[in-house]
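Read off the chains here:
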Amino acid sequence: MKYFIALAFMLFSMTASFAQQTKKTQKAIIKTTITCDHCKECETCGQLFEKTLLREKGIQMVTLNVEEMTIEVIFNSKKTDLTAIRNAISNLGYDADGVKASPEGYEKLDGCCKV
């Protein structure tokens, strides 16, 4: 009987822990402006763009949708927030929702990525 109670307690604890972990993970879709016509090959957007954002604390996954000009970000809300993510995108030289691209980041973009 003690083993059954211990096992039930462990299962309950694991379930509660899993439920807390899933609440930390959030998904956001951020509107941007991408002018590059070959974003998957360009060094300042596409793969490098995704890799750079993945280095930001709390960001777990980044998907760039060139056709819809959106960036889907899955992040840990305990480690970062949307403001920090938008600022990181801005620092890369791209608009992020209402946050305009930083001039320093914009200057670093390849010519094909500038308007």
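Residues numbered from 1 in each chain as written. Predicted model: local features only at pLDDT ≥ 70, side-chain atom pairs only at ≥ 80, totals over all residues. Heavy atoms only, no water.

1. Description of the side chain of Ser102
Relative to the helices and strands, Ser102 resides in the loop between helix H3 (82-91) and helix H4 (103-108). The buried category is assigned to Ser102, whose relative accessible area is 11%. A polar atom in the side chain of Ser102 sits 3.1 Å from the backbone nitrogen of Gly105. Ignoring anything within four residues of it in the chain, the contact list for Ser102 reads Ser90, Asn91 and Gly93. (Helix = DSSP H or I, 4+ residues; strand = E, 2+ residues; numbered from the N terminus. Buried < 20%, exposed > 50% of the residue type's maximum accessible area, 1.4 Å probe, protein only. Polar contact = N/O pair within 3.5 Å; in protein donor to acceptor, adjacent residues only side chain to side chain. Contact = heavy atoms within 4.5 Å.)

2. Focus on the nonpolar core
Soluble globular proteins tend to pack their nonpolar side chains together in the buried interior. With 18 residues, the main nonpolar core has Phe49, Leu53, Ile71, Val73, Ile85 and Ile89 as its most contacted residues. Those elements giving two or more residues to this core turn out to be strand E1 (25-31), helix H2 (47-54), strand E2 (59-65), strand E3 (70-76) and H3. Leave out the neighbours within four places in its chain, and Ile89 touches Ile30, Phe49, Leu53, Ile71, Tyr94, Asp95 and Ala96. (Core = buried A, V, L, I, M, F, W, Y, C linked by side-chain atoms within 4.5 Å.)

3. Let's talk about the sheet that holds E1
Adjacent strands of a sheet pair through backbone hydrogen bonds, lying either parallel or antiparallel. The strand order across the open sheet formed by three strands is E1-E3-E2, and the pairing between neighbours is antiparallel. Every other strand in the sheet has two partners, leaving E1 and E2 as the edge strands with one partner each. The mean angle between the axes of side-by-side strands here comes to 15 degrees, regardless of whether they run parallel or antiparallel. Two elements, E2 and E3, share six bridges in a ladder whose sense is antiparallel. (Pairing = 2+ DSSP bridges. Axes fitted to C-alpha atoms, helices over the stretch in contact; angles between N-to-C directions.)

4. Some thoughts on the pattern of salt bridges
Taken as a whole, this structure holds one salt bridge when the rule is applied. Arg86 is paired through a salt bridge with Asp97; the nearest N and O atoms lie 2.8 Å apart. Taken as a pair, Arg86 in helix H3 and Asp97 in the loop between H3 and H4 lie far apart in primary sequence, eleven residues in all. Overall, the relative accessible area of 34% leaves Asp97 in the partly exposed class. (Salt bridge = Lys/Arg side-chain N within 4 Å of Asp/Glu carboxyl O.)

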